[in-house]
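# Close look at the chain arrangement
Here is what each chain is made of, one letter per residue.
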Amino acid sequence: MIARPNPIRIVVCFCLIYGSSALFARGLYADEIFRNLATKAKITASSERAEQKLVAASVADGLIAPQGSGLLEVLPEDKPAKSWAVNGDEAKGQGELVFEWQQPVEVTQVVYFGRTPWLVQECFKDYEIYLDDAQQPAAKGSFEMKHGPQRVRLEKTEVRKL
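Every value quoted in this text rests on a predicted model; they were computed, and no experiment measured them.

## A look at the overall build of the chain
From N to C terminus, the chain includes 1 helix and 8 strands. The linear arrangement of helices and strands in the chain, starting from the amino end, is β-β-β-β-α-β-β-β-β. The 162 residues of the chain split such that 43% are buried. Across the chain, the fraction of contacts at a sequence separation of at least 24, relative to all contacts at a separation of at least 6, is 70%. For the chain, the computed accessible surface area is about 9600 Å², with 52% contributed by carbon and sulfur atoms.

## What to know about a nonpolar patch on the surface
Together, Leu71, Leu72, Leu75, Trp118 and Leu119 line one region of the surface with nonpolar side chains, adding up to about 500 Å² of accessible area. Relative to the assigned elements, Trp118 resides in the loop between strand S5 (97-114) and strand S6 (126-129).

## So, the pattern of salt bridges
Tallied over the entire structure, the rule returns 3 salt bridges. Glu106 serves as the salt-bridge partner of Lys156, at 4.0 Å between the closest nitrogen and oxygen. Taken together, the positions of Lys156 in strand S8 (residues 149-161) and Glu106 in strand S5 put the pair 50 residues apart, joining distant regions of the chain. For Lys161, the salt bridge is made with Asp133, and the minimal N-O distance between the two is 3.2 Å.

## Re the nonpolar core
In terms of nonpolar packing, the biggest core is built from 27 residues, with Ile43, Phe99, Trp101, Ile129 and Leu162 touching the most fellow members. Residue assignment for this core shows that the elements contributing at least two residues are S5, S6 and S8. Counting residues per element, this core draws most heavily on S5, at 7 residues. Every residue in contact with Ile43, bar those within four places of it in the chain, is listed here: Ala38, Ala56, Ala57, Val59, Ala60, Leu97, Val98 and Phe99.

## Concerning the confidence of the model for the chain
Confidence in the prediction of the chain, expressed as mean pLDDT, is 76, and 79% of residues score 70 or more. Least confident of the elements in the chain is strand S1 (residues 11-23), whose mean pLDDT is 39; most confident is strand S7 (residues 139-142), at 95. Counted against residues more than four places away or in other chains, residues 1-31, with its pLDDT under 50, gives 98 contacts.

## Let's talk about the side chain of Gln109
Considering the arrangement of structural elements, one finds Gln109 in strand S5. A distance of 2.8 Å separates polar atoms of two side chains, one belonging to Gln109 and the other to Arg151.

## What to know about the packing of aromatic side chains
Applying the stated criterion to the full structure yields 3 aromatic pairs. Relative to Phe143, the ring of Tyr112 has its centre 3.7 Å away and its plane inclined at 10°; by these criteria the two rings are stacked. Here Phe143 lies in the loop between S7 and S8 and Tyr112 lies in strand S5, a separation of 31 residues in the sequence. Here Tyr112 matches Phe143 in class, with each residue buried. Taken together, the ring pairs connect Tyr112, Tyr127 and Phe143 into an aromatic cluster.

So, how was this worked out
Residues numbered from 1 in each chain as written. Predicted model: local features only at pLDDT ≥ 70, side-chain atom pairs only at ≥ 80, totals over all residues. Heavy atoms only, no water. Helix = DSSP H or I, 4+ residues; strand = E, 2+ residues; numbered from the N terminus. Buried < 20%, exposed > 50% of the residue type's maximum accessible area, 1.4 Å probe, protein only. Contact = heavy atoms within 4.5 Å. Areas by Shrake-Rupley, 256 points an atom, 1.4 Å probe, with all protein chains shown as cover. Patch = residues over 30% accessible without salt bridge, like charges linked within 9 Å, V, L, I, M, F, W, Y side chains within 5 Å. Salt bridge = Lys/Arg side-chain N within 4 Å of Asp/Glu carboxyl O. Core = buried A, V, L, I, M, F, W, Y, C linked by side-chain atoms within 4.5 Å. pLDDT = per-residue confidence, 0-100. Polar contact = N/O pair within 3.5 Å; in protein donor to acceptor, adjacent residues only side chain to side chain. Phe/Tyr/Trp six-rings, centres within 6.5 Å; stacked < 30°, edge-to-face > 60°.

Rendered as structure tokens:
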């Protein structure tokens with residue numbers, strides 16, 4: 001059974017990550033070092049809730065509204081919201097978020113943060129991740145209905161579009 005998103009809105013926050021190995025001076029292997037590539041990307045979406053300031057660029061601002069925080073998601077009023085949401089009426093349960101870079105970037109994973117300031121059920125969504133203009137997804141699956149980061153690992157690859 002495939003879980004269907006809330007018909008009113010689908011919401012996400014993404015953090016695209018680059019990983020590279022790090023070695024300490026003593027020669028000990030450390031966990032990978034990551035940096036958020038989404039902040040350098042041009043981000044577009046198939047739909048937004050612009051009237052509520054829930055725009056695509058919000059997925060890369062580094063701000064994650066706490067679970068159950070309600071209106072804190074859209075405050076202060078003179079700034080974009082801390083999340084992105086599609087317009088449910090126009091999106092028909094589908095949403096596309098595209099990251100594009102001027103120069104190729106090396107990607108090893110995507111980290112998804114569901115939108116949970118109101119209802120945790122708003123972040124439950126199936127996903128497909130396409131690299132550049134590939135016809136087949138590099139990854140597909142379902143995110144869990146929960147607050148916090150969810151990692152999708154990818155083969156290390158250079159892309160200009162995700």
